[in-house]
There are 2 protein chains.
Amino acid sequence: MSVTAAKGFTASGIAAGIKENGNPDLALVVNNGPRLAAAGVFTSNRVKAAPVLWSEQVLKGGQVSAVVLNSGGANACTGPKGFQDTHATAEKAAAVLDLDAGEVAVASTGLIGVLLPMDKLLAGVETAAAQLGPHGGEKAAIAIKTTDTVHKTSVRAGDGWTVGGMAKGAGMLAPGLATMLVVLTTDADVDTGTLDSALRAATRTTFDRVDSDGCMSTNDTVLLLASGASEVTPDRAEFAEAVRAVCDDLGQQLIRDAEGASKDIKVEVVGAATEEDAVEVGRSIARNNLLKCAIHGEDPNWGRVLSAIGTTGAAFEPDQLNVAINGVWVCKNGGVGEDRELVDMRYREVHIVADLAAGAATATIWTNDLTADYVHENSAYSS
Amino acid sequence: MSVTAAKGFTASGIAAGIKENGNPDLALVVNNGPRLAAAGVFTSNRVKAAPVLWSEQVLKGGQVSAVVLNSGGANACTGPKGFQDTHATAEKAAAVLDLDAGEVAVASTGLIGVLLPMDKLLAGVETAAAQLGPHGGEKAAIAIKTTDTVHKTSVRAGDGWTVGGMAKGAGMLAPGLATMLVVLTTDADVDTGTLDSALRAATRTTFDRVDSDGCMSTNDTVLLLASGASEVTPDRAEFAEAVRAVCDDLGQQLIRDAEGASKDIKVEVVGAATEEDAVEVGRSIARNNLLKCAIHGEDPNWGRVLSAIGTTGAAFEPDQLNVAINGVWVCKNGGVGEDRELVDMRYREVHIVADLAAGAATATIWTNDLTADYVHENSAYSS
């Protein structure tokens, strides 16, 4: 289903030879209209890849007719030549598809600091354009994989309209978006303002709260394109909820496929004075390497949760903190609570609840355990 | 040498049975004067262990006559009972040694959330008092080890006076001090104000810039005690430098013995607009799990350095950043620099220089690589 679930879109995914192993590495998504409305959210890393700098400019126009995505190289920290390469990619797609290059977004993922093999990439754009089709969404989702073990797609259907999308991302998942490339499409007949507010609201509580390893990418890109092909203009709230649901689903898929992980950890902060406090505390817990190791070892080490909470500026009193792990309140009032032997940690999902006892605000951050496999995946070769 | 290198101090280290494996776990350090001047620096974690809360109060008086230290239990997150236990420990030492309990500092390290076996600990204080001696510093240093593979001591001699000390710490090394217990002693005849300013200046650029795994302890304690027994009052700057040198040496020993580490990484930030910027950037690089994995794999992955710099608020322009790894400027002006194949990473020490090209301030943060052994040490059992 992916990006071609919604009417008005065609897509393709091919092997252009950017990856040395011959796997698919180039995807093309085209909006055939009648609308070309688009919204985008990008990495908040100040070191931004060339395609991010380019696509940010494209999105300012509010119209996107096509997106070229490649894996096999991030085109980040590649200087003026890297930016020229991104520009040339957009120009090539525009020429082949008879579009305006200023409406062609580009996204890249892979190793930082290496120039892309432009001969292969530009030839690949021609090939991908020739293979565009209304069922090409799956192939596009496969072509953007890097260390992903599975491709990720999601769809939500409204009353006569649809929101669908694809995502890649497995490591470097972090704040201000994770290392992810995401393209969402809809055939709802909505304007850029509606798209933008729906996308920003959705990413704030989904992708932005997926924090696998605390590392922020140079290339994160989330695009939402609307074709208007359904000729239906949904209720704004209903549309926003569909976008949120697709983002949430894709975010969960990212966590479940995170590099080397053996546990998916839901860190739910409750009783916070403000949502900001809840997010700060959730991130601090989610990024604590010692806790992530303990969870890997199926050790309900609530002391490491308290230690992580204690590093934040959130409103709380240390002797009022409560922590539950998989439903057992192992810490009550800042001290020993129920018997930690009661905690069953055999399953992949681990649920930590941190109660700050300081208010009514909540937030949930998703993370993974820290494993020897994570170390291996990120030390055995450059990525 | 350790805490008994300076005149006027006796110490001991014994196995009180707090650790189930029978290893030494209780240390006693006594200042026999004539002075009892003292300064202390404690964890900035808001979740503070009982002994930290107690010792902070003791230090407010500016006099410390003895320090009781135990491994085998952190006495953190143990509520009012935990605080009573710390109090009882100080009272016991005071009774046995004929001191004022309000001048007895206590420090603990080990698992969070477990009450100490007070019968064993109090009996141990009696045994330790009976074994106090002017050469007991080594045994004291051994008794405070947890996952440390070696005990850590250091000494600097001035003109007629000495500064010496001991430290423990191997994981949870982080900001606002690492998980460390450190006791420094001197026979210099200096007042509390001199001790305090020397200690704060020293820890700010030594222990506080040792950041092995980004996790902040509930128990960090660094004490500096002066006996005045040398009857020499050193030049303030000379004394401060000796304290700094001992702290620096102990900090280096902590990094070299960090849990599971195979590389010691010196992150030197230069060209920063301010020292604060340099420290922020240094910490961001030092905490980047992906980079720490790459270093483990002897991969000079400078893209991960730039990615870490980009998450900070420091003054810099992305296209002016330079990065050297082991002397090779692999990144110049935000892009590809010298050939990364030239970087020799076979040795334990790795030196990363990040040049922000924004000023003249510098800072150095020490960290370690992220290894499967770290994961194992922190997941295989509770600690």
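Check the entry above for the structure.
Keep in mind that this is a model prediction, so the values were computed, not measured. (Residues numbered from 1 in each chain as written. Chains lettered and ligands numbered in written order. Predicted model: local features only at pLDDT ≥ 70, side-chain atom pairs only at ≥ 80, totals over all residues. Heavy atoms only, no water.)

(A) Geometry of the sheet that holds strand β8 (residues 181–186) of chain B. Residues and elements named next belong to chain B. In spatial order, the strands read β3-β9-β8-β7-β6; together these 5 strands make up an open sheet with mixed pairing. Bordering the open sheet on either side are β3 (37–42) and β6 (152–157), each of which pairs with just one other strand. The mean inter-strand angle of the sheet, taken between neighbouring strand axes irrespective of direction, is 10 degrees. Bridging between strand β7 (residues 162–168) and β8 involves 6 bridges; their strand directions are antiparallel. (Pairing = 2+ DSSP bridges. Helix = DSSP H or I, 4+ residues; strand = E, 2+ residues; numbered from the N terminus. Axes fitted to C-alpha atoms, helices over the stretch in contact; angles between N-to-C directions.)

(B) Fine view of the relation of the copies chain A and chain B. Mapping chain A onto chain B calls for a rotation angle of 180 degrees and an axial translation of 0.0 Å; the resulting RMSD is 0.0 Å. Taken together, these values place the two copies in the relation of a two-fold axis. For chain A, the minimum C-alpha distance to the rotation axis belongs to A:Ala372 and amounts to 2.1 Å. Interface residue correspondence from chain A to chain B reaches 100%, placing this contact among same-surface, isologous pairings. (Least-squares fit on C-alpha atoms with pLDDT ≥ 70 in both. Contact = heavy atoms within 4.5 Å.)

(C) Region of the structure containing the packing of helix α5 (residues 192–205) of chain A against helix α6 (residues 236–256) of chain A. Residues and elements named next belong to chain A. One can describe the packing of α5 onto α6 by two numbers: an axis separation of 9 Å at closest approach and a directional angle of 45 degrees. Compared by their axis directions, α5 and α6 come out oblique. The element α5 and its partner α6 pack so that their crossing is right-handed. Here α5 contributes Gly193, Thr194, Leu195, Ser197, Ala198, Leu199, Ala202 and Thr205 to the contact with α6, which in turn contributes Arg236, Phe239, Ala240, Val243, Arg244 and Cys247. Class assignment for the residues of the contact of α5 with α6 results in 8 nonpolar, 4 polar and 2 charged. (Parallel < 35°, antiparallel > 145°, perpendicular 65-115°, else oblique. Left-handed = near helix turned anticlockwise from the far one by under 90°. Nonpolar A, V, L, I, M, F, W, Y, C, P; charged D, E, K, R; others polar.)

(D) Examining the side chain of B:Thr185 more closely. Residues and elements named next belong to chain B. Inspection of the secondary structure puts threonine 185 in strand β8. We classify threonine 185 as buried; its relative accessible area is 0%. A distance of 2.8 Å separates the side chain of threonine 185 from the backbone oxygen of valine 3, its partner in a polar contact. Residue contacts for threonine 185: discarding those within four places in its chain leaves Ser2, Val3, Ala6, Phe9, Val29, Thr162, Val163, Gly164, Leu224 and Leu225. (Buried < 20%, exposed > 50% of the residue type's maximum accessible area, 1.4 Å probe, protein only. Polar contact = N/O pair within 3.5 Å; in protein donor to acceptor, adjacent residues only side chain to side chain.)

(E) Inspection of unusual backbone geometry at higher detail. All names here are of chain A. Residue proline 34 is reached from glycine 33 by a cis peptide bond, and omega for that bond is 20 degrees. By secondary structure assignment, the location of proline 34 is in the loop between β2 (26–31) and β3 (37–42). Positioned with a positive phi, asparagine 75 is a non-glycine residue whose angle comes to about 50 degrees. Residue position: asparagine 75 is located in the loop between β4 (66–70) and α2 (79–97). Owing to a relative accessible area of 0%, asparagine 75 belongs among the buried residues under this scheme.

(F) Broad picture of the sheet that holds strand β13 (residues 335–336) of chain A. Residue and element names in this part refer to chain A. Across the sheet, 6 strands lie side by side as β13-β12-β11-β14-β10-β15; this open sheet has mixed pairing. A single partner strand is all that each edge strand has here, and the edge strands are β13 and β15 (361–368). In this sheet, β13 lies alongside strand β12 (residues 328–332) in antiparallel orientation, the contact comprising 2 bridges. Paired with cysteine 331 across the strands is valine 336, a residue of β13.

(G) Structural detail: the state of the cysteines. Counted according to the given criterion, the structure contains 0 disulfides over all chains. The thiol of A:Cys77 is unpaired, and the distance to the nearest cysteine sulfur, on B:Cys331, comes to 6.3 Å. On the basis of relative accessibility, which here comes to 7%, the residue A:Cys77 falls in the buried class. (Disulfide = S-S within 2.5 Å.)

(H) Summary view of the interface of chain A and chain B. Listed per partner, the contact involves 52 residues of chain A and 52 residues of chain B. Carbon and sulfur atoms make up 57% of the area that chain A and chain B hide from each other, which totals about 3,900 Å². On the surface where chain A and chain B come into contact, there are 0 salt bridges. Between the two partners, chain A and chain B, sit 11 residue pairs in polar contact (both at pLDDT 80 or more). For the side of chain A that touches chain B, the elements supplying multiple residues, two or more each, are α8 (289–296), α9 (302–309), β13 and α10 (372–379) of chain A. (Buried area = accessible area lost by both parts, 1.4 Å probe. Salt bridge = Lys/Arg side-chain N within 4 Å of Asp/Glu carboxyl O.)

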